[in-house]
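Commentary on secondary and tertiary structure
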Amino acid sequence: MVEFRSARPEEMEEVVELVNYVFRTSGGMEPTMGRQFPTIFCPDNASDIYVAADEGRIIANIAIKRNTGIIYGHKVSMANMGAVCTHPQYRGRGIGTQLLNMVFDRLNEEEVSVVTISGTRGLYRRNQCVEAGGMVTYVLDKQSYSYWALGGMEYEISKQFDDTGVLCDVYQREAVRYQRSRMEFPVLLKAVPMVHPPVDALTTLVAFREGRKDSALAYLIGYENKPGVFKVVEYAGERLAVWWLAGKLLEHAGMNGVILEVPIYDAVLSSILSSEGIRGINSYYPSTTVRITNKSSLWREIYPIVEEMWHGGDKPPCGIEDLPGNVYHDLEELTTFLFAGFNRHPYGAPWDRIFPIPLPWPNGLNYV
Ligand SMILES: CC(C)(COP(=O)(O)OP(=O)(O)OC[C@H]1O[C@@H](n2cnc3c(N)ncnc32)[C@H](O)[C@@H]1OP(=O)(O)O)[C@@H](O)C(=O)NCCC(=O)NCCS
C-alpha cells in the first residue's frame, strides 16, 4: 500500500537518489541535486520533504522550502516547491496529484500563504496553480552597448567571491526579496541552485566605491550559459552600477552578450535599459507557477501593502471578499489578480494602481 507522509531525516539519502535519478542521471547528467539544493535535501528539512512510499520504498517526492518573502518591507509567508517526481514505474496512477494536494493542505493548515512552484506542467495547472509575476528579458550586446564611465568606481570579478557579508548587505536593501541569512548566502552561492544544466560555479561581479571594499554598491551573479553569453541569475543594489557591471562583462571579461531578466517591478533598471534603446521581451516569471495556499493569512499579510498603495478618499475595502468580480471565489483568478503582471487584463480603478503585488524573483539563489 502506498503511504503519503513527510520523509524521515534518515531517508534523505534515498530521496536524493530518487530525485537524482529522475532529474539528472536518467538524462545522462551528473547526480548534482544534493549539491545544488543543500538547504532543501538536508535532515533538518526532512519534515518538508513530502514522499509517497510503497512498502517503505520512496517512490515519489515533493520538496518544499519555506521562505519568507519581504515585499516593500512586509513579510509574506511563502513556500517554494520543486523536485516533484514519481518513479517511472508508478506514474499515471494519481500519486503525484495526491501528494500535491496533501502538501497544499499542510501548507494551508500551517498558514503558509502562497507557494511558488518550479514548473508549469498539467499536474500543477489542473490543481489551481497559475503563471504569475512578470519580467522583461533583455539581451545586451558588445557592439551596441553604450559604455559609461562611472567616476570613482572599481569592481571585482570572481568565481570564488568569499566576502559574502558584503553581498548580503546589498541584498538586504532590496525592496522585494526573500529573507536570506548571512549563513545561507555563501551556502547558496556555492550550490548554484537554479542553473540547468548544472555548472560548477557562479561568477560574481561586485561594484565598489574606490578604496571602499567593505561596502558594495551592487552585484551581478551569473554564469556563461553559452560560449560568450553571460546569463545573470541575480542582481541587487544601485541600478546604474548594475548596468555598469554588465558593461564590464562585455568590455573586459570576453563576453559578447549578457542576458538580464528584469522583474517588472524594477522600474529603475528597466528605464535605464529602455533609455539606452534596448528592447526586451515580456513574459511571466520563468518556468514557475504560483498557488495561494491560505487566502486569509495571505490577505492579512499583504493588506498593509494595499493600505500603503491605496489613494483617494475612502479607506481600502476591509476584506478579501470585497475584491472585484469573481476574484474571491476563484483561486486561480485571485492569484492572477494579485500577482500576475503579464497578459493582465484591466480590473479598473483603483485596483490597477495597486496590483499586481510583486513576488520575489524566483530564479535567483533562493530555490524557485
Ligand atoms: C509529473 C509527475 C510527477 C506526475 O506524477 P504522477 O504520479 O504520474 O501524477 P498523476 O498520476 O497524479 O497525474 C499526473 C499525470 O497523469 C496524467 N493525467 C492525470 N490526470 C489527468 C487528466 N485529468 N487529464 C490529463 N492527463 C492526466 C498526465 O500525464 C499527468 O501529468 P502532466 O499533465 O503534468 O503531464 C511525473 O510524471 C514525473 O515524475 N515526471 C518527471 C519529473 C518531472 O517532470 N517533474 C515535474 C517537474 S516540473
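Residues numbered from 1 in each chain as written. Predicted model: local features only at pLDDT ≥ 70, side-chain atom pairs only at ≥ 80, totals over all residues. Heavy atoms only, no water.

**Some points on the packing of helix H5 (residues 164-172) against helix H6 (residues 184-191)**
As a reminder, the rule being used: Axis definition: a line fitted to C-alpha atoms, over the contacting stretch in the case of helices. Angles run 0 to 180 degrees between N-to-C directions. Counting from the N terminus, the helices are the DSSP runs of H or I reaching at least four residues and the strands are the DSSP runs of E reaching at least two. By definition in this entry, angles of less than 35 degrees are roughly parallel, angles greater than 145 are roughly antiparallel, angles of 65 to 115 are roughly perpendicular, and the rest are oblique. Any two residues whose heavy atoms approach within 4.5 Å are treated as being in contact.
Running from N to C, H5 and H6 point in directions that differ by 100°, and their axes come no closer than 9 Å. Comparing their axes, H6 and H5 come out roughly perpendicular. Counted together, Thr 164, Leu 167, Cys 168 and Tyr 171 of H5 and Phe 185, Pro 186 and Leu 189 of H6 form the full contact between these two elements.

**What about the layout of surface pockets?**
Quick note on the threshold: Grid points spaced at 1 Å and placed over the protein atoms alone form the basis of the search, with a cavity being a set where a 1.4 Å probe fits but cannot get out and a pocket an open set showing protein on both sides within 12 Å along at least five of seven lines. Lining residues have an atom within 4 Å of a point. Grid points are joined across faces, edges and corners, and a volume is the space filled by probe spheres set on the points. Note that domain bounds follow an automatic or database assignment of domains.
The computed volume of the largest pocket comes to approximately 980 Å³. Lining the largest pocket we find 43 residues, and of these Phe 23, Ala 83, Val 84, Ser 118 and Tyr 124 sit closest to its centre. Taken together, the elements giving at least two residues each to the lining of the largest pocket come down to helix H1 (12-23), strand S3 (57-71), strand S4 (74-86), helix H3 (95-109), helix H4 (122-125) and strand S11 (229-237). In terms of residue count, the dominant contributor to the lining of the largest pocket is S4 (5 residues). Residues from two domains meet in the lining of the largest pocket; each of domain 1 (1-133 + 285-368) and domain 2 (135-283) gives at least three.

**Digging into the environment of Ser 47**
What counts is decided by this rule: For every residue, the accessible area obtained with a 1.4 Å probe (protein chains only) is divided by the maximum for its type, and the residue is called buried under 20%, exposed over 50%, and partly exposed between those limits.
By the secondary structure assignment, Ser 47 is in the loop between helix H2 (33-36) and strand S2 (49-54). Overall, Ser 47 belongs to the partly exposed group, its relative accessible area being 48%. Each C-alpha atom of the pair Ser 47 and Ser 6 lies 5.1 Å from the other, and the pair is 41 residues apart in sequence. Residues contacting Ser 47, with those up to four places away along its chain left out, are Ser 6, Ala 7 and Arg 106.

**Notes on unusual backbone geometry**
Looking along the chain, the bond that leaves His 196 and enters Pro 197 is cis, with omega of -5°. With respect to the helices and strands, the residue Pro 197 is situated in the loop between H6 and strand S9 (203-209). The omega angle of the peptide bond from Phe 355 to Pro 356 is 10°, so this bond is cis rather than trans. Relative to the helices and strands, Pro 356 is located in the segment after helix H11 (351-354). With a phi angle near 45°, Ser 287 is a residue other than glycine that sits in the positive phi range. Considering the arrangement of structural elements, one finds Ser 287 in the loop between strand S13 (281-283) and strand S14 (288-292). Ser 287 gets classed as exposed once you look at its relative accessible area, which sits at 54%.

**A short note on the packing of aromatic side chains**
Operational definition: Classification of ring pairs rests on two measures: the distance between centres of Phe, Tyr or Trp rings, Trp counted by its six-membered ring, which must be within 6.5 Å, and the angle between planes, read as stacked under 30 degrees, edge-to-face over 60 and tilted in between. The criterion is that NZ of a Lys, or CZ of an Arg, lies within 6 Å of the ring centre and within 35 degrees of the ring normal, and then a charge sits over that ring.
Evaluation of the coordinates by the stated rule reveals 15 aromatic pairs. With a centroid separation of 5.6 Å and 50° between ring planes, the pair formed by Trp 148 and Trp 243 is classed as tilted. Of this pair, Trp 148 sits in the loop between strand S6 (135-141) and strand S7 (153-158) while Trp 243 sits in helix H7 (residues 239-251), and the two are 95 residues apart along the sequence. Ring centres of Phe 337 and Trp 351 lie 6.1 Å apart, and the angle between their planes is 65°; this geometry places the pair in the edge-to-face category. Taken together, the residues Phe 337 in helix H10 (residues 331-339) and Trp 351 in helix H11 connect sequence positions 14 residues apart. Taking relative accessible area as the criterion, Phe 337 reaches 0% and is therefore assigned buried. Its relative accessible area of 10% is what places Trp 351 among the buried residues. The positively charged end of Arg 291 is found above the aromatic ring belonging to Phe 104, 4.1 Å away from the centroid. We note Arg 344 situated over the ring of Phe 337; from NZ or CZ to the ring centre the distance is 5.7 Å.

Without other data, these values stay purely geometric and don't point to any function.
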